[in-house]
Structures are given as C-alpha cells and as structure tokens.
Amino acid sequence: MTSTLAAAAAGFGTGLSLIVAIGAQNAFVLRQGVRREAVLAVVGICALSDAVLIALGVAGVGALVVAWPGALTAVAWIGGAFLLGYGALAARRVIKPGGALRTEGEATGSRRRAVLTCLAMTWLNPHVYLDTVFLLGTVAADRGPLRWTFGLGAAVASLCWFAALGFGARLLGRFLTRPAAWRVLDGLVATMMIALGITLVAGA
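Values in this document were obtained by computation on a predicted structure and should not be read as measured data.

The rules behind the values
- Residues numbered from 1 in each chain as written.
- Predicted model: local features only at pLDDT ≥ 70, side-chain atom pairs only at ≥ 80, totals over all residues.
- Heavy atoms only, no water.
- pLDDT = per-residue confidence, 0-100.
- Helix = DSSP H or I, 4+ residues; strand = E, 2+ residues; numbered from the N terminus.
- Patch = residues over 30% accessible without salt bridge, like charges linked within 9 Å, V, L, I, M, F, W, Y side chains within 5 Å.
- Areas by Shrake-Rupley, 256 points an atom, 1.4 Å probe, with all protein chains shown as cover.
- Salt bridge = Lys/Arg side-chain N within 4 Å of Asp/Glu carboxyl O.
- Axes fitted to C-alpha atoms, helices over the stretch in contact; angles between N-to-C directions.
- Parallel < 35°, antiparallel > 145°, perpendicular 65-115°, else oblique.
- Left-handed = near helix turned anticlockwise from the far one by under 90°.
- Contact = heavy atoms within 4.5 Å.
- 1 Å grid on protein atoms, 1.4 Å probe; cavity = no way out; pocket = protein on both sides within 12 Å on 5 of 7 lines; lining within 4 Å.
- Points joined across faces, edges and corners; volume = space filled by probe spheres on them.
- Nonpolar A, V, L, I, M, F, W, Y, C, P; charged D, E, K, R; others polar.

Caption draft 1: Region of interest: the confidence of the model for the protein chain. Here the protein chain averages 80 in pLDDT, and 84% of its residues register 70 or above. Confidence, expressed as mean pLDDT per element, reaches its minimum in the protein chain at helix H8 (residues 169-176) with 72 and its maximum at helix H7 (residues 147-167) with 94.

This is the structure:
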C-alpha cells in the first residue's frame, strides 16, 4: 500500500512539474477562465488529452522494456539527460525570468472556436508528446509493476492543474501574472527535474 501511494505521489509530482510552465496552452486556459468562456470544455480537453498521451507513454515504453529489457538502460539515460536539461532551463529562468503568464489577447468568439483552438494547442504541440509520452513514460517504466499507478498520479496532476487554472482563474490570474511567482514555480520545477534526472541516470 505504501509503495502504491508513493508511486502515485511521484507521478503526481513529476506530472505537475512538467505541466507547470509558461506556455501558450496554460495562457489559453487561464484566459478562458478569466473570461468564463467554455471553461469546462477547455479544461476537459486538456486533462483528457494528457491522460490519453500519458497512457500511451506508459504502455509504449513499458512494452518496449518487456520486449527488450536492455532498453530500460538506454531509455533511462536518454530520459535522464532530457530531465536534467529541463531542470537546467528552469533553473536558468529563475536567474533570468522571461516574464509572466500573459492572459490578454483576442476573445475566442465562440465555444466551437475555443474547442478547436484548445485541440490545436494540445495535439499540434510537439513538446506535449515529449513531456507526456516520452518523459513520463520513461520515468514510469522505472517503476516496474507500479508504472500505471505512476501514470495515474500524473494524469490526476494534469486534471488538478488545468481545473485550477480554468476555474480558479480570477484568483490565480493575479498571482500567475507576476514574474516573481513563476520564479518560485520554476525553482520547484528545477529541483524536481534535476533530482529525477539524477535518479534515472544513477539507476541506469
């Protein structure tokens, strides 16, 4: 029971670290929340899309490891390198912040347009595949039989984050538009990513 909860918590923390970053998708969800336009649909699309991609990553990398056990070492080294790189970039943003999350922009105009925009930002963004399918799949594979529990934790983190952005936009908007807030978040992300990268590489 303890190991299951630990795997779920690790998945939640890892997923949140990868999702929490200044980007077009987060800005779009926050903007929709501030304007109260198609919030439920947008949050649902983002969370469900992440859940599907995380499942693909866990299943795909897990199947690769089962078919070729030696692949775990290679995947761990590559994934560890990516995580260390992500951590270094987040640490750099702490020292040299790039700004805050911008919520201004043109109104979406309709629910249909909001949905299509959200789908495009999610499924046409290559970084989404890197984060969910590859990186989360790689870290999950290291959990062995508990990889699906890890993946579930990551999917729950995605749901919590996007729900907080969308439905708590009027409260979070004031906080997330401050560069200092993102320096704190990036500091936490850098710590998590570097620690995970070292763990993967050391265990390879």
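Caption draft 2: Molecular detail of a nonpolar patch on the surface. Side chains of Leu48, Val52, Leu56, Leu116, Leu119, Trp123 and Tyr129 sit close together on the surface and give an oily, nonpolar patch of about 610 Å² of accessible area. Listing elements by their share of the nonpolar patch, those giving two or more residues are helix H3 (39-67) and helix H5 (111-123). When you line up the elements, Leu116 lands in helix H5.

Caption draft 3: Molecular detail of the packing of helix H6 (residues 126-141) against H7. Between H6 and H7, the shortest axis-to-axis distance is 8 Å and the interhelical angle comes to 140°. As judged from the angle between their axes, H6 and H7 are oblique. The hand of the H6/H7 crossing is right-handed. Between H6, through Leu136, Val139, Ala140 and Ala141, and H7, the contact on the second element is made entirely by Arg147, Phe150 and Ala154.

Caption draft 4: Up close: the layout of surface pockets. Considered as a void within the structure, the largest pocket measures approximately 570 Å³ in volume. In terms of lining, the largest pocket is formed by 25 residues, of which the most central are Leu18, Ile19, Ala21, His127 and Asp131. Secondary-structure elements contributing two or more residues to the lining of the largest pocket are helix H1 (2-19), helix H2 (24-35), helix H4 (71-95) and H6. Ranked by residues supplied to the lining of the largest pocket, first place goes to H6 with 5 residues. Of the residues belonging to the lining of the largest pocket, the class tally is 14 nonpolar, 8 polar and 3 charged.

Caption draft 5: Quick peek at the packing of H1 against H6. With their axes 11 Å apart at the nearest point, H1 and H6 run at an angle of 145° to one another. By crossing handedness, the relation of H1 to H6 is classed as right-handed. Contacts between H1 and H6 involve Thr14, Gly15 and Leu18 from the first element and Asp131, Leu135 and Leu136 from the second. Of the residues in the contact of H1 with H6, the class split is 3 nonpolar, 2 polar and 1 charged.

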